[in-house]
Amino acid sequence: MTEKMDDILTLLPARLKEARREQGLSLEAVSNLSGVSRSMVSQIERGESSPTIATLWNLTRALQVDFAGLLDADPASDRIDLLRADDVPSIENMGQGCRIRILSPPEEAGGHEVYDITFKPDGALRSQPHARGAREQLTVLEGAVRVTSGNASSMLHTGDTGRYAADIEHAIVAESGAARVFLIVKNA
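Everything quoted here is computed from the prediction, not taken from an experiment.

1. Details of the overall build of the protein chain
Then comes step 1: From N to C terminus, the protein chain includes four helices and nine strands.
Then comes step 2: In sequence order, the secondary structure elements of the protein chain are arranged as α-α-α-α-β-β-β-β-β-β-β-β-β.
Then comes step 3: Scored against the burial criterion, the 188 residues of the protein chain give a buried share of 35%.
Then comes step 4: The long-range fraction of contacts in the protein chain, counting pairs at least 24 apart against all pairs at least 6 apart in sequence, stands at 61%.
Then comes step 5: Entry remark: accessible area of the protein chain is about 11,400 Å², with carbon and sulfur atoms responsible for 50%.

Encoded structure:
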């Protein structure tokens, strides 16, 4: 076996375990997501078994990590994951007259979500209650919006930030012209 192959086999178990822990996933969760048995995932992480390419592929998809990057000699902390402006996913059909750009990674869905929302004049995003304890923090980047949470309502202008309960009906409305906001949703 070559020296390079030895390096890969040495790095792989720790990198897989690190990726799983960064995602906050149990062995059981990785098994369910990947279709690889829990015992096999554990053996691979301990370096007791070498995965086939198909198994490794299934694990990297489940962990949402780059197949090649998993084997790089450089630590994962020595890189910048980029998502170019044209590649940012967006939602056009939620609310009225607004475009929602999803800035947070997919694995954060339901936990800590980050959005860039552009409103046309009179555009609105009206939301049903999120999970109990959910909160939102909104910063106005351009224009002005009215934020309503339950019976409370405030007008926010460029540079203003509002924090409010999102586990009750709430809304963001661009009453006085086009606007753009940065929204963080934190579910409890």
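Resuming the write-up.
2. Some points on the pattern of salt bridges
Then comes step 1: Under the definition given, this model contains eight salt bridges.
Then comes step 2: With its nearest N and O atoms 2.6 Å apart, the salt bridge here joins arginine 46 to glutamate 48.
Then comes step 3: The exposure class of arginine 46 is partly exposed, given its relative accessible area of 48%.
Then comes step 4: The residue arginine 99 makes a salt bridge to glutamate 92 at a minimum N-O spacing of 3.2 Å.
Then comes step 5: Residue class for arginine 99 comes out partly exposed when judged on its relative accessible area of 34%.
Then comes step 6: Three or more residues joined by partner-sharing salt bridges are found here, namely Arg101, Asp116, Glu142 and Arg180.

3. A short note on helix 2 (residues 27-34)
Then comes step 1: Of the residues making up helix 2, those classed as buried are Leu27, Val30, Ser31 and Ser34. Projection of helix 2 onto a plane perpendicular to its axis shows the buried side chains occupying an angular sector of 100 degrees, all on one side. The outward face of helix 2, more than 90 degrees from its buried face, is lined by the exposed residues Asn32 and Leu33.
Then comes step 2: Trailing helix 2 by a residue or two, glycine 35 shows a phi angle of about 80 degrees, which is positive.

4. Overview of the nonpolar core
Then comes step 1: Residues Ile117, Phe119, Leu138, Val145, Ile172, Val181 and Leu183 are the most contacted members of the largest nonpolar core, which totals 18 residues.
Then comes step 2: Those elements giving two or more residues to this core turn out to be strand 2 (96-102), strand 3 (112-127), strand 4 (135-142), strand 5 (144-149) and strand 9 (179-186).
Then comes step 3: With sequence-adjacent residues up to four places away left out, isoleucine 117 is seen in contact with Cys98, Arg99, Ile100, Leu125, Ala179, Arg180, Val181 and Leu183.
Then comes step 4: Counting residues in hydrophobic clusters, the runner-up holds 12 residues, among them Leu16, Ala19, Val41 and Leu56.

5. Comments concerning helix 4 (residues 53-63)
Then comes step 1: By the burial criterion, the buried members of helix 4 are Thr55, Leu56, Leu59, Thr60, Ala62 and Leu63. Along the axis of helix 4, the buried residues cluster in a sector spanning 160 degrees; they form a single face.
Then comes step 2: Of the residues one or two after helix 4, glutamine 64 is the one with positive phi, at around 55 degrees.

About the cut-offs
Residues numbered from 1 in each chain as written. Predicted model: local features only at pLDDT ≥ 70, side-chain atom pairs only at ≥ 80, totals over all residues. Heavy atoms only, no water. Helix = DSSP H or I, 4+ residues; strand = E, 2+ residues; numbered from the N terminus. Buried < 20%, exposed > 50% of the residue type's maximum accessible area, 1.4 Å probe, protein only. Contact = heavy atoms within 4.5 Å. Areas by Shrake-Rupley, 256 points an atom, 1.4 Å probe, with all protein chains shown as cover. Salt bridge = Lys/Arg side-chain N within 4 Å of Asp/Glu carboxyl O. Arc of directions from axis to C-beta. Core = buried A, V, L, I, M, F, W, Y, C linked by side-chain atoms within 4.5 Å.

That's the geometry; what it means functionally is another story.
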